[in-house]
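Analysis of the macromolecular model
Chain residues, written in single-letter form:
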Amino acid sequence: YYALYPASQLVHWDAFPYANIIIPGVQQAIKGSFANKLNTAVACADTDDMAFSFKNVLGYVKFTVPESLTDLVEVEIEAIGGEKLAGWCVVDCTLDKPYAKVSSQSSSYVRLQSESPMAPGSYYMAMIPGTYSAGLRFSFKNSAGQRAVKNISSKVTLSAGQIRNIGVAKGLI
């Protein structure tokens, strides 16, 4: 038996145990959490007792909006080396450490957006785990369209279920 949570993320099963899912490249900012339905997890039960042990599929990047930053509306993460961070992928539900294999229809960025300025606090962005050979670029945009950029210009590895904290959003104050 195979399971995917949340079920709404499933596009289709591709010859069990492979689940086709889409990780959105544009995500809704929710203070203290990640966008709705992005705690993707898979499980496999091989007996009739239906004892599923769910394992996270995605990795997460955390950042903090300080009290002094009152007009942040968008944060974008881009893989400097062009690796895929979001989009269509296939997940093998039988693995102890699920791996999301990306397709050519995937993108090398993830964008977190908010209709109104983000309140001070922590925010999380979900992305496809992997090793990003040239690092990651973080772009913080305020309501006036100004951007501040922070680069991590060395190899970055993000594992399934891992939360990588990049600290406080700076540069737009």
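Residues numbered from 1 in each chain as written. Predicted model: local features only at pLDDT ≥ 70, side-chain atom pairs only at ≥ 80, totals over all residues. Heavy atoms only, no water.

When its secondary structure is counted, the chain shows zero helices and 17 strands. Each of the three principal axes of the chain carries a C-alpha extent, and together these read 55 × 30 × 25 Å. The burial tally for the chain puts 42% of its 173 residues in the buried class. At a minimum sequence separation of 6, the contacts of the chain that also span at least 24 residues come to 69%. Here the chain has roughly 8,600 Å² of accessible surface; of this, 49% comes from carbon and sulfur atoms. When the 15 positive and 13 negative side-chain charges of the chain are each reduced to one mean point, those points stand 10 Å apart. (Helix = DSSP H or I, 4+ residues; strand = E, 2+ residues; numbered from the N terminus. Buried < 20%, exposed > 50% of the residue type's maximum accessible area, 1.4 Å probe, protein only. Contact = heavy atoms within 4.5 Å. Areas by Shrake-Rupley, 256 points an atom, 1.4 Å probe, with all protein chains shown as cover. Lys, Arg positive; Asp, Glu negative; His and termini not counted. Charge placed at Lys NZ, Arg CZ, Asp CG, Glu CD.)

Another aspect to go through is the sheet that holds strand E10 (residues 100-102). Spatial strand order, E2-E3-E9-E10: four strands in an open sheet with antiparallel pairing. The two strands at the open ends of the sheet, each matched to only one other strand, are strand E2 (10-13) and E10. Going across the sheet, the axis of each strand differs from the next one's by a mean of 30°, ignoring polarity. Pairing analysis gives three bridges linking strand E9 (residues 87-92) to E10, with the strands arranged antiparallel. Pairing of Val 90 across the sheet is with Lys 101, part of E10. (Pairing = 2+ DSSP bridges. Axes fitted to C-alpha atoms, helices over the stretch in contact; angles between N-to-C directions.)

Time to look at the sheet that holds strand E12 (residues 121-127). Taken in spatial order, the three strands line up as E12-E7-E17 in an open sheet, and their pairing is mixed. What marks the edges here is a single partner per strand, and that holds for E12 and strand E17 (163-168). Strand-to-strand twist of the sheet, defined as the mean angle between neighbouring strand axes without regard to direction, takes the value 20°. Pairing of strand E7 (residues 59-65) with E12 involves seven bridges; the strand directions are antiparallel. Opposite Val 61, over in E12, you have Met 125 as the bridge partner.

All right, on to the side chain of Glu 74 then. Locating Glu 74 in the fold gives a position in strand E8 (residues 72-79). A polar side-chain atom of Glu 74 sits 3.2 Å from a polar atom in the side chain of Arg 147. (Polar contact = N/O pair within 3.5 Å; in protein donor to acceptor, adjacent residues only side chain to side chain.)

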